[in-house]
Amino acid sequence: MRRKIPSTQALLCFDAAARHESYTRAAQELVLTQSAVSRQVTLLEDFLGLKLFRRTRHGVALTPAGVDYARQVAQRLDGLERDTLDTMTRQGTGGHLTLAAVPTFATHWLIPRLATLAQHHPDITVHIDTRTRPFLFADTAFDAALYTGTPEQVRNWPGTRADKLLDEDVVPVCSPRLMDGRASLTPKALAQLPLLQQSTRPEGWRQWFDAMGVSAPNALGGPRYELFSMLAVAATHHLGVALMPRLLIAGELARGELVVACPKALRGTRGYYLITPDVGPEPEVLTRFRVWVQQQAHAPG
């Protein structure tokens with residue numbers, strides 16, 4: 001039975017036009033003429049029997065059906081590209097693993113340890129994309145995720161198995177210049193300094209000061225950054241004090257770019273987890289990675 005699938009060329013043209021909401025910019029990306037892109041989109045609309053774009057004063061805009069279809073097409077094209085690259089590099093035999101990971105943890109903790117994985121399992125190739133929030137594995141090409149969250153958040157991630165790797169202890173850090181020659185600062189003194197905030201954890205500083213028994217009227221004030229890596233860079237450039245997990249700034253502390261402003265750490269409810277789909281038999285490559293990453297998490301230092 002012949003599959004009811006439009007041509008790849010039509011899907012590529014639609015995907016580019018949907019991302020840019022412009023036939024002209026899509027044509028530039030694909031090295032085609034504007035009329036060629038328009039023709040492919042028209043063929044796709046005829047195939048589907050519905051309109052994907054509507055004309056506007058400035059060009060084209062997606063219809064509601066076009067928005068939904070564009071999301072699905074983008075996911076399928078991304079998956080097809082990954083599968084093609086795996087096959088081209090002879091990694092399509094079950095020795096590759098595609099991970100979703102929170103960015104700073106992947107950069108500062110996981111990637112520096114992958115050389116050890118290569119020594120013990122040279123046949124495993126790890127691909128990493130970033131994700132900061134839960135998702136449905138059935139809607140993605142991910143085999144597993146490295147995620148940070150609370151036990152409640154992990155329990156509420158449907159259809160998954162969670163293995164806790166590490167607890168998260170946070171500590172105030174800043175550049176040596178901000179210390180002004182002092183070995184450490186009291187929580188009360190910290191409350192007077194600029195506080196760098198993480199936008200996904202707006203209560204972080206308030207929780208820390210409450211645990212220290214110190215009033216800090218400005219606990220919610222200060223510039224906000226989405227990622228811990230951004231906080232670390234801001235802190236090294238003397239913009240303020242950041243509340244950071246030690247395990248994510250080991251390099252900056254070792255190089256003296258950051259110093260612990262106050263040694264009083266706070267163990268939060270958050271931790272780092274390996275999240276995997278809880279459906280069917282687990283691939284051998286994922287089992288081997290699970291054993292390795294748990295060993296790394298429990299290794300000294």
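Check the entry above for the structure.
For clarity, every value in this text was computed on a predicted model and none was experimentally measured.

(A) Geometry of the overall build of the protein. Helix and strand counts for the protein come out as 13 helices and 11 strands. Rg of the C-alpha trace for the protein: 24 Å, well past the compact-globule value of 19 Å for 301 residues, more than 25% over. The principal-axis extent of the C-alpha atoms belonging to the protein is close to 70 × 50 × 35 Å. The proportion of buried residues among the 301 residues of the protein is 43%. Sequence-distant contacts, at least 24 apart, represent 72% of the contacts inside the protein between residues at least 6 apart. When the accessible surface of the protein is split by element, carbon and sulfur atoms take 53% of a total near 16700 Å².

(B) Molecular detail of helix α3 (residues 34–48). Along its 15 residues, α3 runs 21 Å from first to last C-alpha, staying within 8% of the 21 Å computed at 1.5 Å per residue. When α3 is considered as a whole, its buried residues turn out to be A36, V37, S38, Q40, V41, L44 and E45. A positive phi of about 80° marks G49, the residue just after α3.

(C) Geometry of empty space enclosed by the protein. Taken as a whole and assessed by the stated rule, the structure comprises one cavity of 30 Å³ or more. Taken as a whole, the largest cavity spans an internal volume of roughly 40 Å³. Taken together, A100, A101, V102, R131, R133, P134, F135, A145, L146, Y147 and W157 make up the full set of residues lining the largest cavity. Of all the secondary-structure elements, those providing two or more residues to the lining of the largest cavity are β3 (96–101) and β5 (144–149). Per element, the largest residue contribution to the lining of the largest cavity is three residues, and it comes from β5. Considering only residue class, the lining of the largest cavity consists of nine nonpolar, no polar and two charged.

(D) Inspection of the nonpolar core at higher detail. Counting 38 residues, the largest nonpolar core has L99, F105, L110, L146, M244 and F289 as its most contacted members. Considering each element in turn, this core owes the most residues, six residues, to helix α13 (residues 284–298). Setting aside residues up to four positions removed in sequence, M244 forms contacts with D169, V170, V171, V173, F228, L231, A232 and I249.

(E) Representation of the side chain of S175 in the model. By secondary structure assignment, the location of S175 is in the loop between β6 (160–174) and α8 (176–179). For S175, the residues in contact, after removing those within four places along its chain, are A235, T236, H238, E257, L258 and V259.

(F) Fine view of the pairing of strand β11 (residues 266–277). Note that β5 and β11 share five bridges and pair antiparallel. Across the sheet, the residue bridging to T148 is Y272, located in β11.

(G) Layout of the packing of aromatic side chains. Taken as a whole and assessed by the stated rule, the structure comprises 14 aromatic pairs. Seen in terms of ring centroids, F105 and W109 are 4.9 Å apart; in terms of plane orientation they differ by 10°. Their pairing is stacked. In this pair, F105 and W109 both sit in helix α5 (residues 103–110), four residues apart, roughly one turn of the helix. For the pair F137 and W157, a centre-to-centre distance of 6.1 Å together with 15° between the ring planes defines the contact as stacked. A residue pair is termed long-range when its members are at least 10 positions apart, and F137 in the loop between β4 (125–130) and β5 and W157 in the loop between α7 (151–155) and β6 qualify at 20 residues. Of the residues examined, W157 reaches a relative accessible area of 3% and is grouped as buried. One aromatic cluster in this structure is built from F135, F137, F142, Y147 and W157. Seen from the ring of F47, K4 lies directly overhead, with NZ or CZ sitting 5.1 Å from the centre.

(H) Structural context of α5. Along α5, six of the eight residues are buried, which leaves the element largely enclosed by surrounding structure. Residues of α5 that are buried include every one of P103, T104, F105, A106, W109 and L110, and no others.

(I) Structural detail: the packing of helix α1 (residues 8–20) against α3. At a closest axis distance of 8 Å, the pairing of α1 and α3 adopts a crossing angle of 110°. Relative to α3, the element α1 lies roughly perpendicular. Contact with α1, carried on its side by Q9, A10, L11, C13, F14 and A17, involves V37, Q40, V41 and L44 of α3 and no other residues of that element.

What counts, and at which threshold
Residues numbered from 1 in each chain as written. Predicted model: local features only at pLDDT ≥ 70, side-chain atom pairs only at ≥ 80, totals over all residues. Heavy atoms only, no water. Helix = DSSP H or I, 4+ residues; strand = E, 2+ residues; numbered from the N terminus. Rg over C-alpha atoms; globule rule 2.2 N^0.38 Å. Buried < 20%, exposed > 50% of the residue type's maximum accessible area, 1.4 Å probe, protein only. Contact = heavy atoms within 4.5 Å. Areas by Shrake-Rupley, 256 points an atom, 1.4 Å probe, with all protein chains shown as cover. Expected span 1.5 Å × (residues − 1). 1 Å grid on protein atoms, 1.4 Å probe; cavity = no way out; pocket = protein on both sides within 12 Å on 5 of 7 lines; lining within 4 Å. Points joined across faces, edges and corners; volume = space filled by probe spheres on them. Nonpolar A, V, L, I, M, F, W, Y, C, P; charged D, E, K, R; others polar. Core = buried A, V, L, I, M, F, W, Y, C linked by side-chain atoms within 4.5 Å. Pairing = 2+ DSSP bridges. Phe/Tyr/Trp six-rings, centres within 6.5 Å; stacked < 30°, edge-to-face > 60°. Lys NZ or Arg CZ within 6 Å of the ring centre and 35° of its normal. Axes fitted to C-alpha atoms, helices over the stretch in contact; angles between N-to-C directions. Parallel < 35°, antiparallel > 145°, perpendicular 65-115°, else oblique.

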